[in-house]
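Chain and residue survey
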Amino acid sequence: MDRYVPPRANLFAIALTTVLAGLHAWWVTTQSRADFGTLWAALQSAEPYGPVNFPYPPSSLPIFQPFALLDFAPAMILWVSLSACALAISTGSRWVPLLLLAPPVLWALPSGQTSVLMGALIFGGLRLLRKPVAAGFMFGLVLTVKPQLMTVLLAGLLLSGHWRILFCTGATFAAMTVLSGAIFGFGQWLSWFDVLSRFTEFHETNAAYRRNEIAFGIPWPLRIAALIAGAILVAKAIERRDAVELIVIAVGFALIASPHAMGYEFAVVSPAFIWLIARRRWAAPATVVFMSTTVLVWSSGGALRSFSPYLWTLLILIMAVVVDGDLRRRSHAVEASLGKGVPNQEA
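Residues numbered from 1 in each chain as written. Predicted model: local features only at pLDDT ≥ 70, side-chain atom pairs only at ≥ 80, totals over all residues. Heavy atoms only, no water.

Regarding unusual backbone geometry
Most peptide bonds are trans, and most residues other than glycine sit at a negative phi. At Arg-241, a position not held by glycine, the phi torsion is positive, near 55°. The residue Arg-241 is located in the loop between helix H12 (220-240) and helix H13 (243-257) in this model. Arg-241 gets classed as partly exposed once you look at its relative accessible area, which sits at 23%. (Helix = DSSP H or I, 4+ residues; strand = E, 2+ residues; numbered from the N terminus. Buried < 20%, exposed > 50% of the residue type's maximum accessible area, 1.4 Å probe, protein only.)

Here it is as structure tokens:
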């Protein structure tokens, strides 16, 4: 089991990550309104599901509403900074500033996407599985914002019988739903369903958006198969308490199963990047191969026309994590049989 490094041991890394992300967001606000601009503009209206296609469910409105009280620039800088800070804390790694250079994070974070914060919450919850209330609270917040990311993980928790985590997840979602209804009215759900259908139709008919989909065109039987396979693998991985393996498998198969998942959603699994390389003891070959594979496949859309390049990247990442976990378990078993201690490798 990898040893958790307390956040206070990485205060410099957390501060550096937060400041760098905030500065990048400030620069972006001087150029455009980015994707966060759509979210912010929708919340300026009493009817967030009115003229703007606000795709997030009403349960997420209490989370976003405080940012609507600020002007656009400070709101976006604060959102991006908090997302980066959460990412740094969840990984507990002194190397987390390097994640700002990872292609998915470099795409999602400066534009104000929710993917980075969702990844931080999921990874943080997976590292706290022995604390059902904390884990369920984090998973519940993700469920209120991007429920499609939680399908495989929730199914895996159900198969493995983690009822307390599931209860706390459901309770958090229910509390946010009630709070949203009390503030904005429960009728917002009907408006959201209408916006969601228009949003999905727009993406399906727009070639530019379609190219950015992770698994566009995959038939529904394969999506259902990915959901089932992912849930089974997650249930087995939960027994090993391997947060890196869990987040990649759970989110990876959820993105394949989801009818709508854009390339920037790769940022959700970004907390696993540092740990995956660190487990190879930061060996130069492992670092170069992992980063180059991610970058090359990410940019090779013209060469891999049969499937989205993002799908290829996702499948490679899932295989890398599964193989890496198997190699580590075999190595630990050999060391245990020889009477040696298993060294901890911190990221």
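The rest of the description comes next.
Considerations on a nonpolar patch on the surface
Together, Phe-12, Leu-16, Val-19, Leu-20 and Leu-23 give the surface a local cluster of nonpolar side chains, amounting to about 480 Å² of exposed area. Its location among the elements puts Leu-20 in helix H1 (residues 11-29). Exposure remark for Leu-20: the relative accessible area of 39% places this residue in the partly exposed category. (Patch = residues over 30% accessible without salt bridge, like charges linked within 9 Å, V, L, I, M, F, W, Y side chains within 5 Å. Areas by Shrake-Rupley, 256 points an atom, 1.4 Å probe, with all protein chains shown as cover. Salt bridge = Lys/Arg side-chain N within 4 Å of Asp/Glu carboxyl O.)

Remarks on H1
Between its first and last C-alpha atoms H1 spans 27 Å; for 19 residues at 1.5 Å apiece the expected length is 27 Å, and the two agree. The inward-facing, buried residues of H1 contact helix H4 (72-91). (Expected span 1.5 Å × (residues − 1). Contact = heavy atoms within 4.5 Å.)

Quick notes on the environment of Pro-147
Mapped onto the elements of the fold, Pro-147 is located in the loop between helix H7 (132-145) and helix H8 (151-159). Its relative accessible area of 30% is what places Pro-147 among the partly exposed residues. Residues Pro-147 and Pro-57, 90 residues apart in the sequence, show an inter-C-alpha distance of 8.8 Å.

Describing the pattern of salt bridges
This model, assessed by the stated rule, comprises two salt bridges. Its salt-bridge partner being Glu-265, residue Lys-146 comes within 2.5 Å of it at the nearest N-O pair. Here Lys-146, found in the loop between H7 and H8, pairs with Glu-265, found in the loop between H13 and helix H14 (271-278); they are 119 residues apart in sequence, far enough to count as distant. Residue classification places Lys-146 among the buried positions, given a relative accessible area of 4%. Here Arg-240 and Glu-245 are joined by a salt bridge, their closest N and O atoms 2.8 Å apart.

Description of the packing of aromatic side chains
Going through the model one piece at a time under the given rule, you end up with eight aromatic pairs. Note on Phe-36 and Phe-72: the rings are 6.2 Å apart at their centroids and 40° apart in plane angle, and the pair reads as tilted. Note that Phe-36 is positioned in helix H2 (residues 36-42) and Phe-72 in helix H4, a separation of 36 residues in sequence. For the pair shown, Phe-36 and Phe-72 are each scored as buried. Here Phe-67 and Trp-79 contribute two aromatic rings whose centre-to-centre distance is 5.2 Å and whose plane-to-plane angle is 85°, an arrangement assigned as edge-to-face. Linking Phe-67 in helix H3 (residues 61-68) with Trp-79 in helix H4, this pair joins segments that are 12 residues apart in sequence. (Phe/Tyr/Trp six-rings, centres within 6.5 Å; stacked < 30°, edge-to-face > 60°.)

Examining the nonpolar core
Ranked by internal contacts, the top residues of the largest apolar core, which has 90 residues, are Phe-36, Ile-122, Leu-126, Phe-139 and Leu-153. Tallying contributions element by element places H13 first for this core, with 12 residues. Contacts of Leu-153, omitting those with residues within four sequence positions, involve Ile-122, Leu-126, Phe-139, Val-234 and Ala-250. (Core = buried A, V, L, I, M, F, W, Y, C linked by side-chain atoms within 4.5 Å.)

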